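Structural overview
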Amino acid sequence: MGLKRFAIVALALLAGCATVPPPEPGSAASKVLATGPIEDVAIGPMRMARENGFLTVSAQLSNTDTQNRTLYYRYLWMGPEGFPVAEADTWKSLTLYPGQTSFVPAIAPVPQAVDFRLEINTP
Amino acid sequence: MNRPFETLPMFLRVSFLTLAALLIGGCAENRSPVLGSGNISYGDPKAVELVTNEFGSTDLQMIAESMTRSLAQSGVLKGRPVVQVYDVMNKTSEYIDTREITTSIKTQLMRSGTARFASDNTDMQSQVDHLKLQNQSGLYKKSTVAKTGNMIAARYRLEGSISSIIKRSNDYKDVFYKFSLQLVDVESGLAEWMDEKEIRKTTER
């Protein structure tokens, strides 16, 4: 019986540890949509501005590995209601050298875009 | 002599028959809206295509996306000016349908609402033929006929080129593409906007 109780408490504790709190709205993490675990790539600050009526974005990505790392990414463009206002961008390939930090810029395809999501895939 | 099925109460008989019909129907039903064999599938048209290192769909999409957004966001196209698009010169050794690049650029600029397009060299003949048909055939009601001499002249022309450098060794094939595009003011002849997109693709044998 004691063993059973111990197992239940241990499972509850483990479940508690595994629960990742959701990212804060508006934070860089809240803009990232990962299509699987992001391995050896650190996502840094993101800059968002409006230039000549179009939303422009730049995200900082760093390779934390000691080897070249190829990742795939694309931006999705959202309207004021939080839904896409244009077709998703084409997936693009980016190679980062060991320890390299790169800035991935993008311009929204339509002036209606007010927000974005960065979709990342690390194969 | 009564058969066992007929001895059952009516509601049980009906239930059995309904169940049998459902089972037979269920087996015969195609559970997904697909016809044909499983060897063919639809893929993501926006996926990174790495089948060979020749010019491919991802290159076309990346070029059109990059050029369109750079031009739209540059601020040159204020007041939705009329633009005439010329064919992109293919200076590579490959066959590339460059008209598809300009068509994608036109479509995306149109979607962004930043430019209008005059008939380009391929559309012009159809445009002229149709104006002549309306004005000279006598087939159309006069009040609905499009008048000649009202076509809008382009303020800018958009022209570009694509070139490539290919290097081969025993172990590698390296292809470097450079796509350049410029927007020229027709009246002044000045290039008001220019951009280029570089793409490198390497195959290790």
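In this report, the structure presented in the accompanying data block is examined.

Criteria and cut-off values
By convention here, each chain's residues receive numbers from 1 onward along its written sequence. Lettering of chains starts at A and numbering of ligands starts at 1, both following the order in which they are written. Where totals are concerned, whole chains, interfaces and linings use all residues; where local detail is concerned, this predicted model gives features only for residues with pLDDT of at least 70, and gives and counts side-chain atom pairs only at 80 or more. A run of H or I in DSSP counts as a helix once it spans at least four residues, and a run of E counts as a strand once it spans at least two, with each numbered from the N terminus. Working definition of burial: number of other C-beta atoms within 10 Å of the residue's own, with buried at 20 or more, exposed at 12 or fewer, and partly exposed in between, all C-beta atoms being placed from the backbone. The contact rule is simple: place each C-beta atom from the backbone, and if two of them lie within 7 Å, those residues are in contact. We call two strands paired when DSSP finds no fewer than two bridges between them. Interaxial angle, 0 to 180 degrees, is taken between N-to-C directions of lines fitted to C-alpha atoms, where a helix line uses only the stretch in contact. Classes in brief: Ala, Val, Leu, Ile, Met, Phe, Trp, Tyr, Cys and Pro nonpolar; Asp, Glu, Lys and Arg charged; the others, Gly included, polar. For our purposes the nonpolar core covers buried Ala, Val, Leu, Ile, Met, Phe, Trp, Tyr and Cys residues that link as a set through C-beta atoms within 7 Å. A helix is expected to span 1.5 Å for every residue after the first. Directions drawn from the helix axis to the C-beta atoms are what define this arc.

**A closer look at the overall build of chain B**
Scanning chain B from N- to C-terminus turns up five helices and six strands. In chain B, the succession of α and β elements from N to C terminus is α-α-α-β-β-α-β-α-β-β-β. The 205 residues of chain B split such that 19% are buried. Across chain B, contacts joining residues at least 24 apart in sequence account for 64% of those joining residues at least 6 apart.

**What to know about the pairing of strand β1 (residues 82-85) of chain B**
All names here are of chain B. Residues Val 83 and Val 85 line the buried face of β1, whereas the alternating positions Val 82 and Gln 84 sit on a face that is not buried. Pairing between β1 and strand β3 (residues 116-117): two bridges, direction parallel. Paired with Val 82 across the strands is Arg 116, a residue of β3. For β1 and strand β4 (residues 156-168), the ladder comprises three bridges, and the chain directions are parallel. Among the inter-strand pairings, Val 85 is bridged to a residue of β4, identified as Leu 158.

**Points about the sheet that holds strand β4 (residues 69-78) of chain A**
All names here are of chain A. Overall, mixed pairing links the four strands, which are arranged β1-β7-β4-β5 in an open sheet. Taken across any chain shown, the strands that pair with only one partner, and hence form the sheet edges, are β1 (32-34) and β5 (92-96). Direction aside, neighbouring strands of the sheet carry axes that sit 30° apart on average. When β4 meets strand β7 (residues 115-121), the two strands line up antiparallel, connected through seven bridges. Its bridge partner lying in β7, Met 78 is registered against Asp 115.

**Digging into the interface of chain A and chain B**
Counting from both sides, the interface comprises 14 residues of chain A and, opposite them, 16 residues of chain B. Of all the secondary structure elements, the ones that give two or more residues to the side of chain A that touches chain B are β3 (54-63) and β5 of chain A. Tallied by class, the residues present in the side of chain A that touches chain B amount to seven nonpolar, four polar and three charged.

**Points about the nonpolar core**
Core analysis: the largest hydrophobic core is formed by 44 residues, its most contacted members being Ala 108, Ala 113 and Phe 116 of chain A together with Ile 63 of chain B. If you tally residues by element for this core, the top one is helix α3 (residues 57-74) of chain B, at seven residues. Each residue touching Ala 113 of chain A, except ones within four places of it in the same chain, is listed here: Leu 55, Trp 77, Met 78, Gly 79, Val 85, Ala 86 and Ala 108 of chain A.

**Section: helix α4 (residues 98-112) of chain B**
All names here are of chain B. For α4, spanning 15 residues, the distance from its first C-alpha to its last is 21 Å, which sits close to the expected 21 Å at 1.5 Å a residue. Restricting attention to buried positions, one finds in α4 the residues Ile 101, Thr 102, Ile 105, Gln 108, Leu 109 and Ser 112. Down the axis of α4, the sector holding all buried residues measures 130°, keeping them to one side. At its buried positions, α4 is contacted by α3 and β1. Of the residues one or two after α4, Gly 113 is the one with positive phi, at around 75°.

**Concerning helix α5 (residues 121-136) of chain B**
Residue and element names in this part refer to chain B. Taking 1.5 Å per residue, 16 residues should reach 22 Å; α5 reaches 23 Å between its end C-alpha atoms and fits that length. Counting buried residues along α5, only zero of its 16 residues qualify, which leaves the element largely exposed. Directly after α5, the chain includes Gly 138, whose backbone phi takes a positive value near 75°.

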